[in-house]
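Topology and contacts: notes
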Amino acid sequence: MFRCVSRPVLVALTVLPLMAFRMPAASESLESLLYDVRGVFVTARPTVPQELVIATDMLVDEAVRATVRKTMLPRTIISVRIDQISRLPLMIGSRHEAKVTVKVIAVASGDPIAEGSFKTSVFLLDNAGADRALAQRIADRITTEFRLDGPGRPAIVNALFP
């Protein structure tokens, strides 16, 4: 008797939260917060290695050049500033971390449209390719946030070979 009553109640409790989700209407623009990025400038403090700045600039610029938008969007330039980097030695390997500030600037007026910052890190067994790996992580984050196309690697490859 209890099973007969509990089964419909369990189904109702499971289905009700799912009813809160909705699919976007076909007429809604999915690219309302996107920009047509025309260029990228990467800067850093003098304490940041030059190889990290150059590699980040090349990777993000490559993604910008590979991106083609189908609709007309506001033209912008991205200014990336690597504020701080740190290295934390561990028992095996080390963790490299960077704090990055990204500013979106309108091409037409030169006014800043948006600004944000993030931290990213990478774990490596040796320090030989630390700057390149950290640059790849920074570029991946920027290309993901701005929906840029680029020569990205599959997620499993990033997990196995950072």
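A few points on the structure. Remember, predicted model here, so these are calculated numbers, not experimental data.

**Regarding a nonpolar patch on the surface**
- A grouping of Leu-88, Leu-90, Met-91, Ile-92, Phe-123 and Leu-125 is seen on the molecular surface, where their side chains present a nonpolar patch of about 710 Å² in accessible area.
- Following the sequence through the fold, Phe-123 ends up in strand β4 (residues 112–124).
- On the accessibility criterion, Phe-123 (40% relative accessible area) is partly exposed.

**Side note on the environment of Arg-141**
- Within the secondary structure, Arg-141 is located in helix α3 (residues 130–145).
- Residues Arg-141 and Val-60, 81 residues apart in the sequence, show an inter-C-alpha distance of 9.7 Å.
- In this view, Arg-141 contacts Phe-118 and Lys-119; residues no more than four positions away in its chain are not counted.

**Quick notes on the nonpolar core**
- The biggest cluster of nonpolar side chains holds 31 residues, and the ones touching the most others in it are Val-40, Ile-138, Ile-142 and Phe-146.
- Elements represented by at least two residues in this core include exactly β1 (36–44), α2 (50–66), β2 (75–89), β3 (94–106), β4 and α3.

**Observations regarding the pattern of salt bridges**
- Using the criterion set out here, one finds 5 salt bridges in the structure.
- Across the pair Arg-95 and Glu-97 runs a salt bridge whose closest N-O atoms are separated by 2.7 Å.
- Among the residues examined, Arg-95 registers a relative accessible area of 34% and is labelled partly exposed.
- Judged by its relative accessible area of 21%, Glu-97 is partly exposed.
- Note that Glu-145 is salt-bridged to Arg-141, the shortest N-O span being 3.4 Å. Here Glu-145 pairs with Arg-141, and both are found in helix α3, just 4 residues apart, close to one helical turn.
- Under the relative-accessibility criterion, Glu-145 is labelled exposed at 51%.

What counts and how
- Residues numbered from 1 in each chain as written.
- Predicted model: local features only at pLDDT ≥ 70, side-chain atom pairs only at ≥ 80, totals over all residues.
- Heavy atoms only, no water.
- Patch = residues over 30% accessible without salt bridge, like charges linked within 9 Å, V, L, I, M, F, W, Y side chains within 5 Å.
- Areas by Shrake-Rupley, 256 points an atom, 1.4 Å probe, with all protein chains shown as cover.
- Salt bridge = Lys/Arg side-chain N within 4 Å of Asp/Glu carboxyl O.
- Helix = DSSP H or I, 4+ residues; strand = E, 2+ residues; numbered from the N terminus.
- Buried < 20%, exposed > 50% of the residue type's maximum accessible area, 1.4 Å probe, protein only.
- Contact = heavy atoms within 4.5 Å.
- Core = buried A, V, L, I, M, F, W, Y, C linked by side-chain atoms within 4.5 Å.

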